[in-house]
Amino acid sequence: MNDAPLADSPAVRRLADWDAARLSELADEHGTPLYVTDLDRVAENCARLRAAFPDADLRYAVKANTARAVLEAVGEAGLGAECASAGEVRRALDAGFDGADVDYTAVNPPARDLDAVVEWWKEGADLTITVGAADALDRLRERGYDGRVCVRVNPGVGAGHHEKVRTGGAAKFGVPADRVGEVVASARTAFDVVGVHAHAGSGIHGEADLAAHREFLARVAELAAAVDDLEYVNVGGGIGVPYRDDEEPLDLDAVAAAVREELDGLDAALALEPGRYVVADAAVLLTRVNAVKGASDELVAGVDAGMTDLLRPAMYDAYHEIRSLEPDSLDREEAPVTVAGPICESGDVFCEGRPLPVPERGDLLALGNAGAYGHEMASTYNSRPRPADVTPSGDVLRERESLADLTRLER
Ligand SMILES: Cc1ncc(COP(=O)(O)O)c(C=O)c1O
Ligand SMILES: N[C@@H](CCCC[NH3+])C(=O)O
């Protein structure tokens, strides 16, 4: 387990905590847009989770950030891996996770994914497959799988920062409450049923979210209590981080207390699969201002990163802190600024009318908390190659895609 000096590090890494001069050097050296990912921070966040949940089986939700170096840092910190596809399972195994520490959460699993995962299981990867429908059990049986299965239940309630990421209660996820007994009994005829799983949603942060999360936990506990002989109950991920600079950090101990209280009395171990919490504040996205236009009360700074590099603002209206890294930025006047990317969509803006130092062409800006669902959700829409990702010391985690990469698979 990585022994990071937790007491010395702030609970949330704000943009102001990053070394602006170093970020600027990295932008000069590697170009922009550029992700900068701090692997030490990943290890610290894992250690915080371990301190808050000392006895839990923690499995990092790989979907938040699959860079191999991130996966390796998480593995070294002693967490397992929760994977949403065969591709993620492959990445986790290749990054050195033991099969027994890997979960494949199969949501409407494509045949190709089931084929691949069952094949790796036959080759010796003793993973667990989390299944949310009787159908998926049949399809595993047909492929000769008789290993570890966890049954995903639909608790009927969810939580999270946006309706698009609240999964608990959404019809597509999990076995409906009134069918859990029947599905578990049928699964037990063919598989080793080890757990019950549910996931409320993502970005749980703040009093209201925590209250909804408690309701979710209580419901999961009720459903799990009706199932005998469970090794564990997995309450999913969802632990949020503050995105606004004036928001308080989430009290992890309060979350842990809520989980303990709501699951009290269950004769099963606790498992969690946090993604965002591990990586969100471990990365920033750097972007350069290409053009400034408009009057001082409605300035638009056109930057070289767009929704293809960081989708969250366009998709969820998500807030990301933005800071100018120019040494003189503190001396400049502030004005309401819209920061917009180069994509041909009006939704391609990172903020609208936000008070920022008056931007100039060539300025370097940083967007905070870009480590979770940032590079991971990048696309090549508008034929824009995906950005590079480097560490603060300049090691390249992911190279920038080239124009040739865009057409490499075309025939
Ligand atoms: C099944 C499952 N587990 C874990 C997570 C991780 O969530 P988060 O990144 O919010 O911790 C997700 C994503 O929301 C998920 O769908
Ligand atoms: N992609 C979402 C989180 C969803 C996680 C997947 N279940 C976000 O950026 O907030």
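Since we're looking at a predicted model, the values are computed, not measured.

**Description of a negative patch on the surface**
Together, Asp98, Asp101, Asp126 and Asp192 line one region of the surface with negative charge. Examined against the element boundaries, Asp126 turns out to sit in the loop between helix H5 (111–122) and strand S5 (128–131). The exposure class of Asp126 is partly exposed, given its relative accessible area of 39%.

**Comments concerning the confidence of the model for the protein**
Per-residue confidence for the protein gives a mean pLDDT of 95, with 98% of residues at or over 70. Scored by ipTM, the complex comes to 0.99, with pTM at 0.97.

**Points about the site of ligand 2**
Residues in close proximity to ligand 2 include Lys63, His161, Val165, Ser202, Arg276, Arg312, Tyr316, Tyr373 and Met377, which together make up its full environment. Contact distances for ligand 2 include 2.7 Å between an oxygen atom and a side-chain N or O atom of His161. Separating a nitrogen atom of ligand 2 from a side-chain N or O atom of Tyr316 is a distance of 2.8 Å. With the chains in place, 85% of the 320 Å² that ligand 2 exposes on its own is no longer accessible. Cavity membership is defined here by more than half of the atoms lying within 2 Å of grid points; on that basis ligand 2 lies in the largest pocket. Per-class residue counts for the shell around ligand 2 are 4 nonpolar, 2 polar and 3 charged.

**Topic: the layout of surface pockets**
In this structure, the largest pocket spans a volume of roughly 710 Å³. Taken together, 34 residues form the lining of the largest pocket, with Lys63, Thr167, Phe173, His199 and Tyr373 sitting closest to its centre. Ranked by residue count, the leading element in the lining of the largest pocket is helix H11 (residues 312–316), at 3 residues. A class-by-class count of the residues in the lining of the largest pocket yields 13 nonpolar, 10 polar and 11 charged. Each of domain 1 (39–274) and domain 2 (282–407) contributes no fewer than three residues to the lining of the largest pocket. Together, 16 residues line the second largest pocket, and Asp55, Val259, Arg260, Leu263 and Leu270 are the ones closest to its centre. Sorting the residues of the lining of the second largest pocket by element identifies helix H9 (252–263) and strand S10 (269–272) as the ones contributing at least two each.

**Side note on the packing of aromatic side chains**
Considering all chains together, one arrives at 2 aromatic pairs under this definition. On the numbers, 6.0 Å between centres and 35° between planes, the contact of Tyr145 with Phe191 is tilted. Pair noted here: Tyr145 is in the loop between helix H6 (134–142) and strand S6 (148–154) and Phe191 is in the loop between helix H7 (180–188) and strand S8 (192–197), with a separation of 46 residues, a long-range link. Neither residue differs from the other here; Tyr145 and Phe191 are each classed as buried.

Criteria and thresholds
- Residues numbered from 1 in each chain as written.
- Chains lettered and ligands numbered in written order.
- Predicted model: local features only at pLDDT ≥ 70, side-chain atom pairs only at ≥ 80, totals over all residues.
- Heavy atoms only, no water.
- Patch = residues over 30% accessible without salt bridge, like charges linked within 9 Å, V, L, I, M, F, W, Y side chains within 5 Å.
- Areas by Shrake-Rupley, 256 points an atom, 1.4 Å probe, with all protein chains shown as cover.
- Salt bridge = Lys/Arg side-chain N within 4 Å of Asp/Glu carboxyl O.
- Lys, Arg positive; Asp, Glu negative; His and termini not counted.
- Charge placed at Lys NZ, Arg CZ, Asp CG, Glu CD.
- Helix = DSSP H or I, 4+ residues; strand = E, 2+ residues; numbered from the N terminus.
- Buried < 20%, exposed > 50% of the residue type's maximum accessible area, 1.4 Å probe, protein only.
- pLDDT = per-residue confidence, 0-100.
- Near = heavy atom within 4 Å.
- Polar contact = N/O pair within 3.5 Å; in protein donor to acceptor, adjacent residues only side chain to side chain.
- 1 Å grid on protein atoms, 1.4 Å probe; cavity = no way out; pocket = protein on both sides within 12 Å on 5 of 7 lines; lining within 4 Å.
- Sits in = over half its atoms within 2 Å of the grid points.
- Nonpolar A, V, L, I, M, F, W, Y, C, P; charged D, E, K, R; others polar.
- Points joined across faces, edges and corners; volume = space filled by probe spheres on them.
- Domains from an automatic or database assignment.
- Phe/Tyr/Trp six-rings, centres within 6.5 Å; stacked < 30°, edge-to-face > 60°.

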